[in-house]
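Chains, contacts and geometry: an overview
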Amino acid sequence: MNSIRVRLGVLGLALLTGFTTPTPASAADKAPSPTVEEQRLDRAAPQEILLRSGFDTVAPRLARALDAARFYGEARRAVAQEGAQLWRRAVDRAQGRGPAGGDLSRDDDRPLYWARLGMTREVRTWEPEFGLTDGQRAALLGELERTSRGQTAIRYPHGKGLKRILLTGFDPFTLDRDIRISNPSGATALALDGTVIETADGPARIETAVFPVRWQDFTQGTVERTLRPYLPKVDLFTTVSQGRVGRFDIERTNGAWRGGFGDNDNVGRTETVPVTDPASQPQWTTTTLPYRAIVAADTGRFPVYDNTSVTEIPAGGTEPVVRPDGPTPGSTARQGGGGDYLSNEIAYRATLLRDRLGLHDRLPGGHVHTPVLQFGAGNTTEVTDPEFVRNRLDIIAQVRAILKAAAEQR
């Protein structure tokens, strides 16, 4: 998921006050218009995906719950409940539990994506009689984002002998190029959440979450807020996104640079990745995944590469230079192995957080790029086809095998 290769609020006190003594809205702020991302909902393909999965009922149910809310605290509870239920429903559907809700294959990540957007649009445009401030609306949207992405549902059983793996995926993106797009990393997160893989050293439990393809959310710290409580407790983590056609890449190096490619709201950012304490911010971070063992393992039909290439401005230089073997001392990042888009950024943020928590030498973690999920030859209009489903299932299975290979190196 990077522009070069593909081209194709905080909980804490706010949560407490929201559920107990809601802030009165003395002068309600006007509801904003739907975002660019939400406006795509009205196109034919998203509506078909929702209908053929049974997820077309999700947003209307939230709308009814909001209309029944008598004050802000009730609305906050409804949003949290409905968001968490959407995540559970999407995971259950992907893992074969409960009704399919339609003929769309269970491995599909798109019902979750489009249903969530329907929900955020309901919250964004809701105008209750008791009034709603901009801050309260933002808190509702933040609660919905966290709960419906599995970010608040990460749970590992207690006990010894069980390894803990954390995996993240992404929403579909580049939807103005093709509104039908699915993201295999998001599908993988749904398929593997809460599952256990048997390794040579015993069982390993996988917990997952999904992130938006929006620069602003990353600027506001969604990655660090989600991962910080868990990195000290897990045995391995990997961020996952869609990369190049026909191959997996284990990205060796991540760069501190945003290349400006438009996100799902058609907003671009060209700047150094904004993080806390920028004075100590490195230009590069590195994977601690056992990349040699992963590349050597027989994990599936797609080849897996140890990708060492980056683009840098050398120390004392002014122009970007491609370095096939990684960055040189004192250079400035322009692309990590994963490019300069949000896949590189989540890898950079997650591994920087690992390092700032003092875990570099004991926690394997990094980024895996999956192959581009392709439709069958000649399919330019249908939302699914047998080859499309086969490709997604094969990618999911191969990510699982990669996790197994990595976990067995611990």
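In case you missed it, the structure is sitting above this.
Each residue is numbered by its place in its chain's sequence as written, counting from 1. Residues qualify for local features only when their pLDDT is at least 70, as the model is predicted, and side-chain atom pairs are given and counted only at 80 or more; totals for whole chains, interfaces and linings, by contrast, use all residues. Heavy atoms from the whole structure form the basis of all side-chain values; hydrogens and water molecules are not counted.

**Focus on the sheet that holds strand β13 (residues 332–335)**
Basically, it comes down to this: Two strands are said to pair when DSSP picks up at least two bridges between them. Each helix is a run of H or I in the DSSP string that is no shorter than four residues. Each strand is a run of E no shorter than two, and both are numbered from the N terminus. Here an axis means a line fitted to C-alpha atoms, over the contact stretch when the element is a helix, while the angle between two N-to-C directions is reported on a 0 to 180 degree scale.
Strand order in the open sheet formed by 3 strands is β12-β11-β13, with antiparallel pairing between adjacent strands. Only two strands of the sheet have a single partner each, and these edge strands are β12 (321–323) and β13. Ignoring strand direction, the axes of neighbouring strands in this sheet form an average angle of 40°. In the sheet, strand β11 (residues 310–313) pairs with β13 via 3 bridges, with the strands oriented antiparallel. Bridged to Ile-313 within β13 is Thr-332.

**Some thoughts on the packing of helix α5 (residues 72–94) against helix α7 (residues 134–148)**
Going by this rule: These descriptions rest on fixed angle ranges, namely under 35 degrees for roughly parallel, over 145 for roughly antiparallel, 65 to 115 for roughly perpendicular, and the rest for oblique. Two helices that cross are described as forming a left-handed crossing if the nearer one is turned anticlockwise from the farther one by less than a right angle, and a right-handed crossing if clockwise. Contacts are assigned to residue pairs that have any heavy atoms within 4.5 Å of one another. Amino acids outside the nonpolar list (Ala, Val, Leu, Ile, Met, Phe, Trp, Tyr, Cys, Pro) and the charged list (Asp, Glu, Lys, Arg) are all regarded as polar, and Gly is one of them.
Where α5 meets α7, the axes come as close as 7 Å, and the angle between the chain directions of the two elements is 20°. Viewed along their axes, α5 and α7 adopt a mutual orientation that is roughly parallel. Two packed elements cross with a definite hand, and for α5 against α7 that hand is right-handed. Along the contact surface, α5 presents Tyr-72, Ala-75, Arg-76, Val-79, Ala-80, Gly-83, Ala-84, Leu-86 and Trp-87, while α7 presents Gln-136, Ala-139, Leu-140, Glu-143, Leu-144, Arg-146, Thr-147 and Ser-148. Classifying every residue of the contact of α5 with α7 by side-chain character gives 10 nonpolar, 4 polar and 3 charged.

**Here we look at the packing of aromatic side chains**
Stated precisely, the cut-off is as follows: Two rings from Phe, Tyr or Trp (for Trp, the six-membered ring) form a pair when their centres sit within 6.5 Å of each other. Planes less than 30 degrees apart are called stacked, planes more than 60 degrees apart edge-to-face, and all others tilted. Only protein chains enter the accessibility calculation, which uses a 1.4 Å probe; a residue is then buried when its area is under 20% of its type maximum, exposed when over 50%, and partly exposed in between.
Inspection of the entire model under this criterion finds 9 aromatic pairs. On the basis of an interplanar angle of 85° and a centroid distance of 5.1 Å, the ring pair of Phe-261 and Tyr-341 is categorised as edge-to-face. One end of the pair, Phe-261, is in the loop between β7 (257–259) and β8 (270–272); the other, Tyr-341, is in the loop between β13 and α12 (342–356), and 80 residues separate them in sequence. You'll find Phe-261 and Tyr-341 in the same group, each marked buried. Each residue in the set Phe-173, Trp-215, Phe-261 and Tyr-341 is aromatic and connected to the rest through ring pairs, giving one cluster.

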